[in-house]
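# An overview of the molecular structure
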Amino acid sequence: MALRDVLLSVAQTPHRLRRRALVTWTPAQELNEVRDRSGARMARRLEWYDLVGLGVGGMLGAGVFVTTGRVARDTAGPAVFASYVVAGVSALLSSFCYAEFAVRVPVAGGAFSYLRVTFGEFVGFFGGANILMEYVLSNAAVARSFTDYLASTCGVTEPNAWRVEVEAIAKGYNALDFPAVALILLLTVCLCYSTKESSTLNMVLTAFHLLFFAFIIVAGFWNGSARNMVTPGGLAPYGVRGVLDGAAVVYFSYIGYDSASTMAEEIRDPARALPVGIAGSVLIVSALYCLMSVALCVMLPYTEITESAPFSSAFRDKAGWRWASNVVGAGASIGIVASLLVAMLGQARYLCVIARARLVPAWLAKVHPSTGTPMNATIFLGLCTASIALFTELQIVFEMISIGTLLAFYLVANALIYHRYAKVGATRPLHVLLFLLLLTLSSIGFSLARRIDGKWRWGMALFGTMSVAVVAIFHCTAQQGAAGPPSEWTVPLMPWPAAASVFLNVFLMTTLKVRSFQRFGIWSLVITIFYVCYGVHSTYTAEENEIVNAMIHDANADILS
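Note that the structure is predicted; figures quoted are calculated from it, not measured.

A few words now on the overall build of the protein. Helices and strands together make up the secondary structure of the protein, namely 23 helices and two strands. For the protein, buried positions account for 58% of its 561 residues. Across the protein, contacts joining residues at least 24 apart in sequence account for 84% of those joining residues at least 6 apart. For the protein, the exposed surface amounts to about 22200 Å²; the carbon and sulfur share of it is 68%.

Here you go:
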């Protein structure tokens, strides 16, 4: 591109932003002309049971083996199971919103596509980029945890025994994890080959993993003592605040159901399979997470739970059950492989659809004609994930995980309300936007009141009542417009489930540490600059070229006729 063209584009940035930032696409456009930009289409070979298996496999193992020990010891105590209940309720409500959108817009873009058809290009890109960041970081964290459990399987107790420490690199980034990199690269090759075969592999791994879960739960209760749930310090030594703070951290465990929604393009019967697969997998996994966390806490007092491979360590430290440590390590390793497989499926499809929208280079949108998989996106993100897993310690990664997911789920819940109650083709419906603003503000007020010492309970009561009143008034006065639900599956009792999802996601976000918001702010600035400097110009230029080509085509047609 000539320097003159670059300068012209920079000068036109404000105009192009006005033209592109709020532009929306219809579900029909997403399903046809946008999807056609990938060339070959993804093969529709998955059934509803594949989706359930992908949802369960994607969630089961990633979080419970990575975060439970840390949250039980430092944040919630034995009440970590209650943290999983809170996070599970929030994830279930969000999954309902995802399921309806996935039925309405059965494409691989997940939150990116749902937000783009509702709030426009920039909001879609902002939400999609945050989810993509969560995928890459959480997959890197899970891969490093795989090394811990694999070492435990072989009887190695030193956390960094299988990592290479390099003194010349800054602390926190100097424990090079080559087993994690090897696992990610191996899975990348598998995912490039076939989605159906990858799903079959996931089903096999998940079946074995469920057996290990059953072993851990039964053996944990058999070998544990209820006294460990209340000593020392009681069931909730860190109080209600600790339980709620823990819920925001363990929410990372539920990111897998979002992967299931990205399979929408590859499902034979999306209207039937998506609600069952997305919401059903969340319910199954929530129950197992609660049982697993209780099993861990009855085996050891929470103060003795280790940060690295906590389940293996718990069995190893119990007299006569040292052999079980190796079994648990093997089971956790299998579960981590399954969850990584599904999460890497999801992250590649997110990037593929973002590339279809021309917000990142178009070569990332290409679907391989032989395998029917987004091969370029899979390879690119596999290399990015492997690079982070090689250098970055878990604690650093954890500080970025959850906030982007919570924000994206918050936006999807808002989008569902807007989509249900806003009229298509009318001026922007201020009453719906006002409702969403008041609901968000009252949720923030409730959440901040909880963090203020003194008479914070009065603030919580005030803002909690305000939130319920705002939803009740909107429910009684608003009418679903032309953008109402289709004849397929929809979220019942609207707007209450989506409003509750908005409230809980805001609440959980406010429990995260300040450093999480600082790093999230930096990432948000990066993706905003990227959109302004690249995305808006790429989509604007492509749009202008399409208009010109359409005019030439029409002119030629007129001449021939």
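So, on to the environment of G372. With respect to the helices and strands, G372 occurs in the loop between α16 (322-356) and α17 (375-391). For G372, a relative accessible area of 7% puts it in the buried group.

A separate point is the packing of aromatic side chains. By the definition in use, this model includes 17 aromatic pairs. Pairing F122 with Y531 gives two aromatic rings, centres 5.2 Å apart and planes at 55°, and the pair type is tilted. In this pair, F122 is assigned in helix α9 (residues 121-153) and Y531 in helix α23 (residues 514-560), connecting sequence segments 409 residues apart. Here the aromatic residues F122, F125, F126, F530, Y531 and Y534 are joined through ring pairs into a cluster of three or more.

Contact geometry of α16 with α17 gives a least axis separation of 9 Å together with a crossing angle of 120°. With respect to α17, the axis of α16 lies oblique. Seen from above, α16 lies across α17 with right-handed handedness. Here M344, Q347, A348, L351 and C352 of α16 lie close against α17, whose contacting residues are A377, T378, F380, L381, G382 and T385.

A few words now on unusual backbone geometry. A cis amide bond, omega 5°, links M494 with the succeeding residue P495. For P495, the position within the fold is in the loop between α21 (456-477) and α22 (496-510). Despite not being glycine, R358 has its phi angle at roughly 70°, a positive value. Relative to the helices and strands, R358 is located in the loop between α16 and α17. R358 sits in the partly exposed class, given a relative accessible area of 23%. Residues other than glycine seldom take positive phi values, yet L493 does so here, at roughly 60°. Along the chain, L493 turns up in the loop between α21 and α22. Residue L493 is classed as exposed on the basis of its relative accessible area, which comes to 68%.

Further remarks concern a nonpolar patch on the surface. A surface patch of nonpolar side chains, about 510 Å² in accessible area, is lined by L434, L437, L438, L441, I444 and L448. Examined against the element boundaries, L441 turns out to sit in helix α20 (residues 430-451). Residue classification places L441 among the partly exposed positions, given a relative accessible area of 47%.

Turning our attention to helix α2 (residues 13-20). All of the buried residues along α2 are T13, R16 and R20. The buried residues of α2 occupy an angular sector of 65° when projected down its axis, which confines them to one face.

Moving on to the packing of helix α4 (residues 48-59) against α16. Contact pair α4 / α16: the axes reach a minimum separation of 7 Å and the direction vectors enclose 115°. It follows that α4 is roughly perpendicular to α16 by the angle criterion. Considering the relative orientation of α4 and α16, their crossing is left-handed. For the pair α4 and α16, contact is made by L54, G57 and G58 and by A338, S339, V342 and L345, respectively. Of the residues belonging to the contact of α4 with α16, the class tally is four nonpolar, three polar and no charged.

This next bit is on the pattern of salt bridges. Enumeration over the complete set of coordinates arrives at two salt bridges. Of the charged contacts in the structure, one is a salt bridge between D74 and R73, with a shortest N-O distance of 3.0 Å. By relative accessible area, which is 23% here, R73 ends up partly exposed. A salt bridge links E100 to R420, with the nearest nitrogen and oxygen atoms 2.9 Å apart. Residue E100 is located in helix α7 (residues 80-104), and its partner R420 is located in helix α19 (residues 403-421); the two are separated by 320 residues in the primary sequence. For the pair E100 and R420, one class covers both residues: buried.

Residue position: M375 is located in helix α17. A relative accessible area of 21% places M375 in the partly exposed class. Setting aside chain neighbours within four positions, we find M375 in contact with C192, K366 and H368.

Attention now moves to the environment of V86. Relative to the elements of secondary structure, V86 occurs in helix α7. Residue V86 is classed as partly exposed on the basis of its relative accessible area, which comes to 22%. Residues V86 and L504, spaced 418 residues apart in sequence, show a C-alpha to C-alpha distance of 8.7 Å. Excluding residues within four positions of it along the chain, V86 makes contact with L244, A247 and L508.

Attention now moves to the confidence of the model for the protein. Here the protein averages 78 in pLDDT, and 83% of its residues register 70 or above. Least confident of the elements in the protein is helix α18 (residues 394-398), whose mean pLDDT is 60; most confident is α22, at 89.

Residues F65, Y98, Y257, F311 and I417 are the most contacted members of the largest nonpolar core, which totals 166 residues. The leading source of residues in this core is α16, at 19 residues. When sequence neighbours within four positions are dropped, the list of residues in contact with Y98 reads A111, Y114, I131, Y257, D258, S261, I278, Y350, F409 and V412.

Parameters at a glance
- Residues numbered from 1 in each chain as written.
- Predicted model: local features only at pLDDT ≥ 70, side-chain atom pairs only at ≥ 80, totals over all residues.
- Heavy atoms only, no water.
- Helix = DSSP H or I, 4+ residues; strand = E, 2+ residues; numbered from the N terminus.
- Buried < 20%, exposed > 50% of the residue type's maximum accessible area, 1.4 Å probe, protein only.
- Contact = heavy atoms within 4.5 Å.
- Areas by Shrake-Rupley, 256 points an atom, 1.4 Å probe, with all protein chains shown as cover.
- Phe/Tyr/Trp six-rings, centres within 6.5 Å; stacked < 30°, edge-to-face > 60°.
- Axes fitted to C-alpha atoms, helices over the stretch in contact; angles between N-to-C directions.
- Parallel < 35°, antiparallel > 145°, perpendicular 65-115°, else oblique.
- Left-handed = near helix turned anticlockwise from the far one by under 90°.
- Patch = residues over 30% accessible without salt bridge, like charges linked within 9 Å, V, L, I, M, F, W, Y side chains within 5 Å.
- Salt bridge = Lys/Arg side-chain N within 4 Å of Asp/Glu carboxyl O.
- Arc of directions from axis to C-beta.
- Nonpolar A, V, L, I, M, F, W, Y, C, P; charged D, E, K, R; others polar.
- pLDDT = per-residue confidence, 0-100.
- Core = buried A, V, L, I, M, F, W, Y, C linked by side-chain atoms within 4.5 Å.

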